[in-house]
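Now for the letters of each chain:
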Amino acid sequence: MKQALEKIELSAKEELKKIRDSKELEALRIRFLGKKGELTTVLKGMATLSSEERPVIGQLANRVRSDIENAVEERAKELKKAAFELKLKEEKLDVTLPGKAPKLGKLHPLDSVMREIEDIFIGMGFDIASGPEVEYDYYNFEALNLPPDHPARDTQDTFYISDKILLRTQTSPVQIRVMEQKKPPIRIVAPGRVYRSDAVDATHSPLFHQIEGLVVDKGITMGDLVGTLDMLMKRLYGVECRIRLRPHHFPFTEPSAEVDMVCFNCGGKGCSMCKGEGYVELLGSGMVHPKVLANCGIDPEEYSGFAFGLGLERLVMRKYGVTDLRLLYENDLRFLEQF
Ligand code: DAH
């Protein structure tokens, strides 16, 4: 019996080493120490022992029991510690790692420059106005002093929807809509999309953007036009940016002028980029034609005004040195991420 008890102790300690989790440990405890366990089974034979042997074996049995109990408890602690360490290892968090920055979107260069220009005009006391892209022929042409069969209509290849309705070829119709709604003083800019039936190439697109400007009040002169545009260009490109006016013709302004800005590349001396001119074309402008004012119910004897129409794409291309207009519409991230 002594041997049987010692064998139980030995095998319990051996088995304990192989235990890997608390479930296995509990099974082992029951196997050795449970009511029907190996130790109990052996102790049932106590009755057959002599009265001298009984206390000796009894003592041994008690020691074996408490040894196994202690060993089980010890193993339980070890398993708990190992499980905790594993958890620590698995859930390790290195707070010194550089963070993963979320990818932020940004404005398309056409939008950001458009907003920059809007902000500059808002700073000069202008309001932002808008009008429909599907427009009446009347607003796009007729009210702007371009009656049917006027030859200047041919210079703007128009998408007609019906005889009287078209896709606006310019933002100038917003001038008419504003003047019909509001009496002077008027100070607005109207940014937006315009459409012309042009084939796509490096400098043409059937859809592009313009920013229209209109100021009507008592005593407005060409000097106000020059001052306003000069301020715009200096804010956009820096104080060294100069503009110049060239006589031109637009049906809705009299007199009319094309406004050029000094060539970035040569600063006005003349180079291949400006074709020797020293200046590059910027926009169309002029003093609002008296007939246009009258078409909107504004007395040209009392009021005068200036207007201009600026091509956004051209400005963006010049600002960033983009040489192909198509890049602005292709949504190629390799291009757009540069801005
Ligand atoms: N609408 C003209 C165009 O698209 C540009 C323009 C010229 C607008 C003179 C104006 C202006 O307001 O006064 O070519």
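Residues numbered from 1 in each chain as written. Predicted model: local features only at pLDDT ≥ 70, side-chain atom pairs only at ≥ 80, totals over all residues. Heavy atoms only, no water.

Engineer: What's the story with the state of the cysteines in this structure? I'm lost.
Structural biologist: Formally, a disulfide is one covalent bond, and it connects the sulfur atom of one cysteine to the sulfur atom of another. Applying the stated criterion across every chain, the model contains 0 disulfides. Free cysteine: Cys241, not disulfide-bonded; nearest cysteine sulfur from Cys263 at 11 Å. According to the relative accessible area criterion, Cys241 is buried, its value standing at 3%. Not engaged in a disulfide, the cysteine Cys263 finds its nearest cysteine sulfur in Cys266; these two sulfurs lie 3.7 Å apart. Overall, Cys263 belongs to the buried group, its relative accessible area being 2%. (Disulfide = S-S within 2.5 Å. Buried < 20%, exposed > 50% of the residue type's maximum accessible area, 1.4 Å probe, protein only.)

Engineer: Help me understand the packing of aromatic side chains, please; the structure alone is not making it clear to me.
Structural biologist: Given two aromatic rings, their pairing is described by the distance between the two centres and the angle made by the two planes. Tallying each qualifying case throughout the model produces 8 aromatic pairs. With a centroid separation of 4.9 Å and an interplanar angle of 65°, the aromatic rings of Phe121 and Phe126 are classed as edge-to-face. Accessibility assignment for this pair places Phe121 and Phe126 in one class, buried. Members of the aromatic cluster, connected to one another through ring pairs, are Phe121, Phe126, Phe306 and Phe308. (Phe/Tyr/Trp six-rings, centres within 6.5 Å; stacked < 30°, edge-to-face > 60°.)

Engineer: So what exactly am I meant to see when it comes to the sheet that holds strand S1 (residues 127-128) here?
Structural biologist: In any sheet, the strands associate via hydrogen bonds between backbone groups, in a parallel or an antiparallel arrangement. If you trace the 7 strands from one edge of the open sheet to the other, you get S1-S4-S5-S9-S8-S7-S6, paired in mixed fashion. The outermost strands of the open sheet, each flanked by one partner alone, are S1 and strand S6 (243-248). Two strands pair when backbone bridges link them, and strand S7 (residues 253-262) and strand S8 (residues 279-288) are joined in this way by 8 bridges, in the antiparallel orientation. Looking at S8, one finds that Met261 is bridged to Val280. Relative to the sheet, helix H8 (residues 222-237) contacts S6, S7, S8 and strand S9 (304-311), its axis offset from that of S9 by approximately 30°. (Pairing = 2+ DSSP bridges. Helix = DSSP H or I, 4+ residues; strand = E, 2+ residues; numbered from the N terminus. Contact = heavy atoms within 4.5 Å. Axes fitted to C-alpha atoms, helices over the stretch in contact; angles between N-to-C directions.)

Engineer: Teacher, can you tell me more about the pairing of strand S4 (residues 186-195) here?
Structural biologist: Along any regular strand, the residues point their side chains to alternate faces of the sheet. With 8 of its 10 residues buried, S4 lies for the most part within the structure. Where S1 lies against S4, 2 bridges are found, and the strand directions are parallel. Residue pairing for S4: Ile128 is matched across the bridge by Val189. Examined bridge by bridge, S4 and strand S5 (residues 207-217) share 10 bridges and lie antiparallel to one another. Opposite Ile186, over in S5, you have Val216 as the bridge partner.

Engineer: When you look at the site of the ligand in this model, what are you seeing that I'm missing?
Structural biologist: Looking at the ligand, there are 16 residues lining it, with Gln170, Ser172, Arg196, Gln210 and Glu212 nearest. One of the side-chain nitrogen or oxygen atoms of Gln175 is found 3.0 Å away from an oxygen atom of the ligand. A distance of 2.9 Å separates an oxygen atom of the ligand from a polar side-chain atom of Arg196. Protein burial of the ligand: of its 360 Å² of free accessible surface, 92% is covered by the chains. Going through the elements one at a time, S5, S8 and S9 are the ones with two or more residues in the shell around the ligand. Classifying every residue of the shell around the ligand gives 4 nonpolar, 10 polar and 2 charged. (Near = heavy atom within 4 Å. Polar contact = N/O pair within 3.5 Å; in protein donor to acceptor, adjacent residues only side chain to side chain. Areas by Shrake-Rupley, 256 points an atom, 1.4 Å probe, with all protein chains shown as cover. Nonpolar A, V, L, I, M, F, W, Y, C, P; charged D, E, K, R; others polar.)

Engineer: Whenever I open this one, helix H1 (residues 2-18) confuses me. Can you help?
Structural biologist: Since there are 3.6 residues in each turn of an α-helix, residues three or four apart along the chain are aligned in direction. Here H1 is 17 residues long and its end C-alpha atoms lie 25 Å apart, about the 24 Å a rise of 1.5 Å per residue gives. Taken together, the buried positions of H1 are occupied by Leu5, Ile8, Glu9, Ala12 and Leu16. Take H1 and look down its axis: the buried residues cluster within an arc of 95°, on one side only. Set apart from the buried face of H1 by more than 90 degrees, the exposed residues are Gln3, Lys7, Leu10, Lys17 and Lys18. For H1, the secondary structure elements touched by its buried residues are helix H2 (22-33), helix H3 (38-43) and helix H4 (53-90). (Expected span 1.5 Å × (residues − 1). Arc of directions from axis to C-beta.)

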